[in-house]
Amino acid sequence: MTVAIVATRANRGLDAPPVRVEVDLSNGLPAFNIVGMAETAVRESRDRVRSALLNCHFEFPDRRITVNLAPADLPKGGGRFDLPIALGILIASGQLPQDCVAGYECIGELALDGSLRSVHGTLCAVIAARDAGKKSILPAATEQFATIPGACVVRVKDLLHCCAVLRGRCEAETIVACEEPKSSPLSNLAEVRGQALGKRALEIAATGGHHLLLEGPPGTGKSLLASCLPGLMPPPSERSALLTHALYDLRGLRPPSARPFRAPHHSASAAALIGGGAHPLPGEISLAHGGVLFLDEIAEFSRHTLDMLREPIERGEVNIARASGSVRYPAVFQLIAAMNPCPCGHAGDLERSCRCSNGDRQRYRARLSGPLLDRIDLRVNVSREPVRDLLEQPNSEPSGTVADRVQEGVTKQNQRQGCLNSQLAGRDLIGACELGPSERHFLEKAGDRLKLSARAVHRTMRVARTIADLAGHHGVVRADLSEALSFRGPPEG
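Residues numbered from 1 in each chain as written. Predicted model: local features only at pLDDT ≥ 70, side-chain atom pairs only at ≥ 80, totals over all residues. Heavy atoms only, no water.

Visitor: Go over the overall build of the protein, please, and point to the residues and values.
Guide: The secondary structure content of the protein amounts to 20 helices and 19 strands. Considering only C-alpha atoms, the protein reaches an extent of 85 × 50 × 45 Å along its principal axes. Sorting the 493 residues of the protein into buried and exposed places 50% on the buried side. Sequence-distant contacts, at least 24 apart, represent 74% of the contacts inside the protein between residues at least 6 apart. For the protein, the accessible area works out to roughly 22,400 Å², and carbon and sulfur atoms hold 50% of it. The distance from the centre of the 58 positive side-chain charges to the centre of the 54 negative ones in the protein is 4 Å. (Helix = DSSP H or I, 4+ residues; strand = E, 2+ residues; numbered from the N terminus. Buried < 20%, exposed > 50% of the residue type's maximum accessible area, 1.4 Å probe, protein only. Contact = heavy atoms within 4.5 Å. Areas by Shrake-Rupley, 256 points an atom, 1.4 Å probe, with all protein chains shown as cover. Lys, Arg positive; Asp, Glu negative; His and termini not counted. Charge placed at Lys NZ, Arg CZ, Asp CG, Glu CD.)

This is how it looks when you write it as structure tokens:
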């Protein structure tokens, strides 16, 4: 009796728990059994592995084959175990040396001709293999990797190529530091005509990481303003970029080259927005981690779906529970929402009359619950610009100039408190704002007059701290509080 062991990784959210593929060949009637809480796709690998071995001119053992995927209490799905199972059979039958897979972890789905197909969730497995001090063998079709310091990825085309590499008879493509995808063009603030208040709000939002609501008639540039925000934000850290790549890899999507910008349609379900499924996958809020979640026509989303954003906005993560266990995904994003003032979109428009009744407008605005609105730091009314201004040559600041100021503000925040102002809480918030007696009295009076909640007061202080950072103020002065409060109230119209 011969037992072969090949190391691989399962896929459980952003975790990649280790799995030992144990292959045993014993006497008895020919059979091929896979045990270890294997799902249907894993059990079907028996036929894929058998055909791949025969078509690659290997001998398929005419014996009783038992494959154990350990640990037995970990659910295992997908075709990622095809390659380690095939290698285990070859080692157990003496067609490969016993120690050829030492120091390697293998993942890949086999085609019937022996070629290898990529699977989702390989980036998390590569990170885990690096931490365990091992190399990763993956299909050559696996294209997207972030730069993972210290990781070593060996890409092979098919089963024959993999065996030749393990025997030392062939060189494989080894990736130590993978190239980043080319940058995609971003919208530039220079393209936006007018809308000085909207541009100012974007600069504040980018500097402090604040949420923003843009309200105005159709065609006034709300979507264009929102698409400019990623270009104002500083480049993501290496850890943040790596986490973004891992989240996109779980969904089988090409990762963004800059800050993520997700804009789901208003018909998106709660599971699509938050994440879910029988095997929970990240939703739009997690794909927007470290970037922007843009909800255009936010009032057209169902109220139930929107209210599910409240907890992730506060906690920066989402926990998806299933009977088999729970999966936690990060969800630190900037919410940029856009909406019309009424169903027809022309309430308060001086050029076009509104056809909606007061009841229609109230029901339309009521789709955004008070608790959700309370979590949005900046609210801006985007009005229609005169046609004459639209036809003139643009003369506003480009995104690069504004991004430099944003970077200076972010640097100040990191040096002072180690995080963005939007993440300040408790004593850190009180200490960072440094309100004098006059400023404290002003905020107390304004909060009572506007009937601000405790959350709204704290969010106003965070915005004021960001405005002070952009203005170069050591402490928060009355002008900073006044501007922050002007963004706090509901937009007119």
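Visitor: Which residues make up the pairing of strand β15 (residues 292-295), and what values go with them?
Guide: Alternating residues of β15 divide into V292 and F294 and L293 and L295, and every residue in both groups is buried. In the sheet, strand β12 (residues 261-262) pairs with β15 via two bridges, with the strands oriented parallel. Looking across to β15, one finds that R262 is bridged to L293. Inspection of the sheet shows β15 paired to strand β18 (residues 334-339) by four bridges, in the parallel sense. The residue of β18 that forms the bridge with L295 is A337. (Pairing = 2+ DSSP bridges.)

Visitor: A description of the layout of surface pockets should follow, citing residues and the corresponding values.
Guide: Each pocket or cavity is described by its volume, and for the largest pocket that value is around 980 Å³. Looking at the largest pocket, it is lined by 38 residues, and the ones nearest its centre are V332, F333, L420, S422 and Q423. Elements supplying a minimum of two residues to the lining of the largest pocket: α6 (196-208), α8 (238-250), α12 (310-315), α16 (399-416) and α19 (454-471). With four residues, the top contributor of residues to the lining of the largest pocket is α12. Reported here for the second largest pocket is a volume of approximately 520 Å³. Along the walls of the second largest pocket sit 24 residues, with N11, R12, G13, G77 and H279 positioned nearest its centre. Ranked by the residues each element gives to the lining of the second largest pocket, the list is headed by strand β17 (residues 325-330), at four residues. Along the lines of polarity and charge, the residues of the lining of the second largest pocket split into 10 nonpolar, 10 polar and four charged. (1 Å grid on protein atoms, 1.4 Å probe; cavity = no way out; pocket = protein on both sides within 12 Å on 5 of 7 lines; lining within 4 Å. Points joined across faces, edges and corners; volume = space filled by probe spheres on them. Nonpolar A, V, L, I, M, F, W, Y, C, P; charged D, E, K, R; others polar.)

Visitor: Tell me about the pairing of strand β3 (residues 31-35), and name the residues and values.
Guide: Working note: regular strand, side chains alternate between the two faces of the sheet. Residue alternation in β3 divides its side chains into a buried set, F32 and I34, and an unburied set, A31, N33 and V35. As paired elements, β3 and strand β4 (residues 64-70) share five bridges and run parallel to each other. Across the sheet, the residue bridging to I34 is V67, located in β4.

Visitor: Just give me the short version of the pattern of salt bridges, but keep the residues and values in it.
Guide: Tallied over the entire structure, the rule returns 25 salt bridges. The salt bridge partner of D469 is R465, with a shortest N-O separation of 3.0 Å. Of this pair, D469 and R465 both sit in helix α19, four residues apart, which is roughly one turn of the helix. Neither D469 nor R465 differs from the other in exposure class; each is buried. Each member of the salt-bridge network shares a partner with another, and the members are E314, D374, R375, D377, R455, R459 and R488. (Salt bridge = Lys/Arg side-chain N within 4 Å of Asp/Glu carboxyl O.)

Visitor: Any chance you could break down the sheet that holds strand β2 (residues 18-26) for me, citing the residues and the numbers?
Guide: If you walk across this open sheet you meet the four strands as β1-β2-β4-β3, and the pairing is mixed. Looking along the sheet, the strands with just one partner apiece sit at the ends: β1 (2-9) and β3. Looking at each pair of strands side by side, their axes are set apart by 15 degrees on average, direction ignored. Taken together, the seven bridges between β2 and β4 define a ladder with antiparallel strand orientation. Bridge pairing in β4 links D24 to T66. (Axes fitted to C-alpha atoms, helices over the stretch in contact; angles between N-to-C directions.)

Visitor: Please give an account of helix α18 (residues 437-450) that cites residues and values.
Guide: If you check α18, its first and last C-alpha atoms are 20 Å apart, about what 14 residues at 1.5 Å a residue would give, namely 20 Å. Restricting attention to buried positions, one finds in α18 the residues E439, F442, L443, A446 and G447. All buried residues of α18 lie within an arc of 125 degrees about the axis, which places them on one face of the element. α18 presents P437, D448 and R449 as exposed residues on the side facing more than 90 degrees away from its buried surface. On its buried face, α18 is in contact with α19 and α20 (478-488). Just downstream of α18 lies K451, where phi reads positive at about 55 degrees. (Expected span 1.5 Å × (residues − 1). Arc of directions from axis to C-beta.)

Take it as geometry only, folks, not as evidence of what the structure does.
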